[in-house]
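Each chain, written out:
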Amino acid sequence: MPVYSLHNFSSPERKNQQFQVEVFDANRHFSVKYPHRHDFFEVLYLMKGSGFHVIDGNRYGIKPPCVFFLSPGQAHKIEFSNDIEGYIYIFAADFYLINRNNQNSLIEFPFFFTLRQDNPPLLLTNPDDVTFLERLFIQAISELKKNGTKAVDVLRSVLDLILTTCAARYELASPSETKRKGQFLIKRFYSLVEETKQRNLSLNDYAALLKVSPNHLTQTLKKLTGKTSTQLIKSKQILEIKRLLVHTNLTVSEIANQLNFLDQSYFSKFFKRETGLSPLQYRTGHSGEF
């Protein structure tokens with residue numbers, strides 16, 4: 001599966017920048033091979049058109065005006081009509097966080113590394129919000145063209161305003177979710193699991209990286225998600241295996257090695273125990289997923 005970085009989406013003169021903001025339409029200059037994933041954050045604001053967006057196996061209809069959000073590492077594909085219109089802002093974490101005291105502020109937004117591990121779009125119903133967000137994207141694109149000494153600061157501020165506005169309008173399935181003690185620990189855990197998915201770490205390893213006890217991590221996860229830490233780690237492992245089975249030509253043995261399973265036999269038994277299918281059976285029957 002292709003993994004894209006910011007430079008893949010940037011014009012030659014902007015190869016080293018940590019962000020890109022532009023119009024999103026059927027004539028967009030970069031032709032993406034789908035499905036794919038990338039190592040940056042994305043905000044996709046769609047104002048016209050139809051189609052669907054599949055993010056890690058969850059299928060969402062495109063119903064403008066709406067905003068989609070993607071976190072690093074997620075596999076996705078988008079299919080849209082020829083009349084699609086909107087804007088896209090992609091950025092590295094460092095671009096947003098460079099001047100912030102709170103280096104965890106990005107994952108505190110409700111739509112990045114979500115507690116429920118889903119990515120429903122923000123559906124905009126207030127005309128004022130629609131107009132306001134459109135103006136923010138237009139301003140960002142205009143500022144990018146100016147390329148002045150303070151342009152990057154302005155673009156960073158506009159991004160913050162886009163994210164903050166969307167967060168204020170984003171409806172969680174459980175309104176009290178963001179207020180529960182420990183929710184931030186869970187989002188840090190999800191982010192860490194995504195970053196280290198090829199290392200096959202244990203619960204104790206994650207607890208040490210998060211600077212909490214294994215018991216505290218397990219209890220917090222169980223309380224807020226209904227699942228144990230072991231279940232969540234396994235689910236992330238299974239998701240990554242499915243991504244590689246569906247979107248690459250790697251052999252089962254190569255996938256096992258890439259994800260640090262030293263024994264292919266155990267790898268196959270692990271996958272079948274969790275899914276009810278062997279890796280090859282899954283590959284054959286699920287080629288259209290994600």
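One can find the structure itself at the top, above this paragraph.
Engineer: Before we move on, can you summarise the packing of helix H4 (residues 183-195) against helix H6 (residues 214-225) with the specific residues and values?
Structural biologist: The N-to-C vectors of H4 and H6 enclose an angle of 105°; their axes lie 10 Å apart at closest approach. When the axis of H4 is compared with that of H6, the two are roughly perpendicular. On H6, the residues that touch Gln183, Leu185, Ile186, Phe189 and Tyr190 of H4 are His216, Leu217, Thr220, Leu221, Leu224 and Thr225. Looking at side-chain class alone, the contact of H4 with H6 contains seven nonpolar, four polar and no charged residues.

Engineer: So what about unusual backbone geometry? Which residues, and what values?
Structural biologist: The peptide bond linking proline 64 to proline 65 adopts the cis configuration, its omega dihedral lying at -5°. Relative to the assigned elements, proline 65 resides in the loop between strand E6 (58-61) and strand E7 (66-70). Phi at lysine 211 takes a positive value of approximately 60°, unusual for a residue other than glycine. In this fold, lysine 211 is placed in the loop between helix H5 (203-210) and H6. Notably, asparagine 260 is not glycine yet its phi reads approximately 70°, a positive angle.

Engineer: I'd like a rundown of the pattern of salt bridges, residues and numbers included.
Structural biologist: In the structure shown here, the tally under the stated rule is nine salt bridges. The salt bridge partner of aspartate 56 is arginine 243, with a shortest N-O separation of 2.8 Å. Of the two residues, aspartate 56 is situated in the loop between strand E5 (51-55) and E6 and arginine 243 in helix H7 (residues 229-247); the sequence distance between them amounts to 187 residues. As far as the burial class goes, aspartate 56 and arginine 243 line up, both buried. Aspartate 153 is paired through a salt bridge with arginine 156; the nearest N and O atoms lie 3.2 Å apart. Of this pair, aspartate 153 and arginine 156 both sit in helix H3 (residues 151-169), three residues apart, which is roughly one turn of the helix. Classification of aspartate 153 by relative accessible area gives partly exposed; the value is 34%. One network of salt bridges, with partners in common, ties together Asp56, Glu240 and Arg243.

Engineer: Which residues make up the nonpolar core, and what values do they have?
Structural biologist: By size, the foremost hydrophobic cluster in this structure holds 52 residues, and its most contacted members are Tyr89, Phe91, Phe112, Leu163 and Phe189. The greatest single-element share of this core, amounting to seven residues, is contributed by helix H2 (residues 127-146). Apart from the residues lying within four places of it in its own chain, the contact partners of phenylalanine 189 are Tyr206, Leu210, Leu217, Leu221, Ser229, Leu232 and Ile233. The next biggest cluster of nonpolar side chains, apart from the first, holds 16 residues, and it includes Leu46, Tyr60, Ile78 and Ile90.

Engineer: Go over the sheet that holds strand E9 (residues 85-91), please, and point to the residues and values.
Structural biologist: Paired through backbone hydrogen bonds, the strands of a sheet run either parallel or antiparallel to each other. With antiparallel pairing, five strands are arranged side by side in an open sheet as E2-E9-E4-E7-E10. Only two strands of the sheet have a single partner each, and these edge strands are strand E2 (19-25) and strand E10 (122-123). By the bridge criterion, seven bridges tie strand E4 (residues 41-48) to E9 in an arrangement that is antiparallel. Directly across from leucine 44, in E9, lies its bridge partner isoleucine 88. Its contacts with the sheet place H2 against E2, E4, E7 and E9, and it is angled at close to 120° to E2. Sheet strands in contact with H3 are E2, E4, E7, E9 and E10, and its direction is about 115° off that of E9.

What counts as what
- Residues numbered from 1 in each chain as written.
- Predicted model: local features only at pLDDT ≥ 70, side-chain atom pairs only at ≥ 80, totals over all residues.
- Heavy atoms only, no water.
- Axes fitted to C-alpha atoms, helices over the stretch in contact; angles between N-to-C directions.
- Helix = DSSP H or I, 4+ residues; strand = E, 2+ residues; numbered from the N terminus.
- Parallel < 35°, antiparallel > 145°, perpendicular 65-115°, else oblique.
- Contact = heavy atoms within 4.5 Å.
- Nonpolar A, V, L, I, M, F, W, Y, C, P; charged D, E, K, R; others polar.
- Salt bridge = Lys/Arg side-chain N within 4 Å of Asp/Glu carboxyl O.
- Buried < 20%, exposed > 50% of the residue type's maximum accessible area, 1.4 Å probe, protein only.
- Core = buried A, V, L, I, M, F, W, Y, C linked by side-chain atoms within 4.5 Å.
- Pairing = 2+ DSSP bridges.

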